[in-house]
Amino acid sequence: MRIGELAERAGTTAKTLRFYEEQGLLPPAERTPSRYRDYAPETAARIDFVHRGQAAGLTLAQIRQILDIRDGGAAPCEHVRDLLDARLAEIEQQIAQLTALRDTIAELRHDAAQPDPDSCSADQVCRYL
């Protein structure tokens with residue numbers, strides 16, 4: 001199938017498909033006699049996998065690693081589990097940092113509940129920050 005048809009079927013753009021091919025996420029497409037890309041029907045499932053990996057927060061490099069393992073004939077399940085464990089730890093750390101930031105901002109907002117502009121010196125700009 002031609003690139004435009006595949007892009008429409010996969011919910012993406014032709015530019016993205018060319019990028020995926022350049023990055024090794026898609027195997028090089030066969031070419032028609034007129035040099036148009038001609039993708040196999042199963043390429044749509046591979047693109048769907050790439051999108052699912054991105055939705056899980058994996059990088060394209062990580063997704064390529066998974067695809068390389070599969071293309072090498074092995075099941076990448078353990079590698080995927082390890083990547084998901086690492087991603088989960090990153091998210092937990094981000095949540096902790098955001099929680100601390102929320103607490104700091106809530107405290108600043110509490111202090112600024114009854115603004116007193118006269119108590120701010122020019123060199124402080126604003127005492128609530």
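Residues numbered from 1 in each chain as written. Predicted model: local features only at pLDDT ≥ 70, side-chain atom pairs only at ≥ 80, totals over all residues. Heavy atoms only, no water.

**Q** Would you explain the overall build of the protein in this entry?
**A** A tally of helices and strands in the protein yields five helices and two strands. Sequence-ordered secondary structure for the protein, helices as α and strands as β, is α-α-β-β-α-α-α. Over its C-alpha atoms the protein spans a radius of gyration of 25 Å, topping by over 25% the 14 Å that the globule rule assigns to 129 residues. Residue burial in the protein is summarised as follows: out of 129 residues, 22% are buried. Nonlocal contacts in the protein, meaning residues at least 24 apart in sequence, comprise 37% of its contacts between residues at least 6 apart. Just so you have it, the protein exposes about 9,100 Å², and 54% of that area is on carbon and sulfur atoms. Side-chain charges of the protein comprise 16 positive and 21 negative groups, with the mean position of each set lying 9 Å from the other. (Helix = DSSP H or I, 4+ residues; strand = E, 2+ residues; numbered from the N terminus. Rg over C-alpha atoms; globule rule 2.2 N^0.38 Å. Buried < 20%, exposed > 50% of the residue type's maximum accessible area, 1.4 Å probe, protein only. Contact = heavy atoms within 4.5 Å. Areas by Shrake-Rupley, 256 points an atom, 1.4 Å probe, with all protein chains shown as cover. Lys, Arg positive; Asp, Glu negative; His and termini not counted. Charge placed at Lys NZ, Arg CZ, Asp CG, Glu CD.)

**Q** Teacher, can you tell me more about the packing of aromatic side chains here?
**A** Pairs of aromatic rings are described using the distance from one ring centre to the other and the angle between the two planes. Scanning the model with the defined rule gives zero aromatic pairs in all. The positively charged end of Arg-2 is found above the aromatic ring belonging to Tyr-36, 4.4 Å away from the centroid. (Phe/Tyr/Trp six-rings, centres within 6.5 Å; stacked < 30°, edge-to-face > 60°. Lys NZ or Arg CZ within 6 Å of the ring centre and 35° of its normal.)

**Q** I'm lost on the pattern of salt bridges in this one. Help?
**A** Side-chain pairing between opposite charges can occur once the charged atoms of the two side chains come close. Summed over all chains, the structure comprises seven salt bridges. Residues Arg-9 and Glu-5 are paired through a salt bridge, measuring 3.4 Å at the closest nitrogen-oxygen approach. Residue Arg-9 and its partner Glu-5 are both found in helix H1 (residues 3-10); the two are separated by four residues, about one turn of the helix. For Glu-5, a relative accessible area of 43% corresponds to the partly exposed category. For the salt bridge of Glu-21 with Arg-37, the shortest nitrogen-to-oxygen distance reads 3.1 Å. Of this pair, Glu-21 sits in helix H2 (residues 14-22) while Arg-37 sits in strand S2 (residues 37-38), placing them 16 residues apart in sequence. For the pair shown, Glu-21 and Arg-37 are each scored as buried. (Salt bridge = Lys/Arg side-chain N within 4 Å of Asp/Glu carboxyl O.)

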